[in-house]
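Coordinate analysis (summary)
Chain by chain, the residues run as shown.
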Amino acid sequence: EALVRWNHPDRGLLLPGSFIDAAERTGLIVELGRTVFHEACRQTAEWRRAGIDLGVAINLSARQLSDVALFDDISAMLTVTGLDPDALWLEVTETALVEDVSQAADVLHRLAATGIGITIDDFGTGWASLTYLKQFPVSALKIDRSFVTDIDLNPQDAAIARSILSLGEELDLVVVAEGIETVPQQQALQALGCMIGQGFLFGRPVPAAEVPIERARRLRRADGLGDRTRG
Ligand code: MN
């Protein structure tokens, strides 16, 4: 997953929490989104050209989803960077207040038709979850970290995760657990049948140059995951 950081000259390394709201408010999120998009696609295409079968997930803001130029922008970005659409996942957060859901659904359907995967991020936290599942061409769900943190201790969290996994199975979706930090969390998720996860247990966010890319190469080979296998 591509994550943005701002290396601020005075304040040091800033996490998205300290600037995304301002970017959303001012509309700069569109330009920021474009920059992140271009860099993430360029880097992933470079890794893939080096023979590493990786995909990339990129978060979309509600503002971007409402941008009429989104489809053309993404298409152009894929052409310019040479990234295969099958290697790209777009994450739509459930808490994003999309004003015009049918317009967003329309653009997401056009994007999905090119081979791009659509993920619902932070699943279970928003009010729109099931509406989005119904209207958007979703191929993956991410179980929100708030259900993962105590999953090994709290039966309620485990029950919620189990329900999301069964919903995913019914709808033929890839289900990814977010925010895994400990082995007991990982084991609890595995016991529920959740086989894909992300979080500090596996790796902290790092600059592209520090991504343990050879490890990714070995993992992909060991898993036998093919090109069309999402996630
Ligand atoms: Mn995300």
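Check the entry above for the structure.
Structural notes, computed from the coordinates.

Rules used throughout
- Residues numbered from 1 in each chain as written.
- Predicted model: local features only at pLDDT ≥ 70, side-chain atom pairs only at ≥ 80, totals over all residues.
- Heavy atoms only, no water.
- Donors = N, O, S within 2.8 Å, 3.2 Å for Na, K, Ca; no water.
- Helix = DSSP H or I, 4+ residues; strand = E, 2+ residues; numbered from the N terminus.
- Buried < 20%, exposed > 50% of the residue type's maximum accessible area, 1.4 Å probe, protein only.
- Contact = heavy atoms within 4.5 Å.
- Salt bridge = Lys/Arg side-chain N within 4 Å of Asp/Glu carboxyl O.
- Pairing = 2+ DSSP bridges.
- Arc of directions from axis to C-beta.
- Axes fitted to C-alpha atoms, helices over the stretch in contact; angles between N-to-C directions.
- Parallel < 35°, antiparallel > 145°, perpendicular 65-115°, else oblique.
- Left-handed = near helix turned anticlockwise from the far one by under 90°.
- Nonpolar A, V, L, I, M, F, W, Y, C, P; charged D, E, K, R; others polar.

Let us look at the coordination of the manganese ion. On the protein side, the manganese ion has Glu 1 (OE), Asn 59 (OD1), Glu 91 (OE) and Asp 121 (OD) as donor atoms, found 2.0 to 2.3 Å from it. The sequence pattern describing where the donors of the manganese ion fall on their chain is E-x57-N-x31-E-x29-D. Here the residue Glu 1 occupies a position in the segment before strand S1 (6-8), and Asn 59 occupies one in strand S3 (residues 56-60), the gap between them amounting to 58 residues. Exposure remark for Glu 1: the relative accessible area of 37% places this residue in the partly exposed category.

What follows deals with the environment of Ile 29. Along the chain, the position of Ile 29 falls in helix H2 (residues 28-49). Given the relative accessible area of 6%, Ile 29 is considered buried. Counting along the chain gives 31 residues from Ile 29 to Leu 60, while the straight-line C-alpha distance between them is 9.8 Å. Leaving out residues up to four positions away in the same chain, Ile 29 has contacts with Ile 20, Ala 23, Glu 24, Ser 61 and Arg 63.

Further remarks concern the pattern of salt bridges. For the structure shown, the criterion picks out 8 salt bridges. With its nearest N and O atoms 3.4 Å apart, the salt bridge here joins Asp 53 to Arg 48. A salt bridge links Asp 84 to Arg 48; the nearest nitrogen and oxygen atoms lie 3.8 Å apart. Remark: Arg 48 occurs in helix H2 and Asp 84 occurs in the loop between helix H4 (70-81) and strand S4 (88-93); sequence separation between them is 36 residues.

What follows is about the pairing of strand S5 (residues 117-123). Most of S5 is tucked away, with 7 of its 7 residues classed as buried. Inspection of the sheet shows S4 paired to S5 by 5 bridges, in the parallel sense. Paired with Val 92 across the bridge in S5 is Ile 120. As paired strands, S5 and strand S6 (residues 140-143) are joined by 3 bridges and run parallel to one another. Of the residues in S6, the one forming a bridge with Phe 123 is Ile 143.

Quick look at helix H9 (residues 183-191) now. Inspection of H9 places Gln 185, Ala 188 and Leu 189 among the buried residues, and these make up the whole buried set. Axial view of H9: buried residues confined to an arc of 100°, hence all on one face. Phi turns positive, to about 95°, at Gly 193, one or two residues after H9.

What follows is about the packing of H4 against helix H5 (residues 101-113). It is the contact of H4 with H5, at a shortest axis distance of 10 Å, that shows an interaxial angle of 20°. It follows that H4 is roughly parallel to H5 by the angle criterion. The two elements H4 and H5 cross, and the hand of that crossing is right-handed. Along the contact surface, H4 presents Leu 70, Phe 71 and Ile 74, while H5 presents Val 107, Arg 110 and Leu 111. When its residues are assigned to classes, the contact of H4 with H5 shows 5 nonpolar, no polar and 1 charged.

Here the focus is the environment of Cys 41. Note on placement: Cys 41 falls in helix H2. The class for Cys 41 is buried, based on a relative accessible area of 0%. Beyond its immediate chain neighbours, meaning those up to four positions away, Cys 41 contacts Ile 58, Leu 78, Thr 81 and Leu 83.

Here we take up the sheet that holds strand S7 (residues 174-177). Read from one edge of the open sheet, 6 strands run S3-S4-S5-S6-S7-S8, paired in parallel fashion. Only two strands of the sheet have a single partner each, and these edge strands are S3 and strand S8 (196-197).

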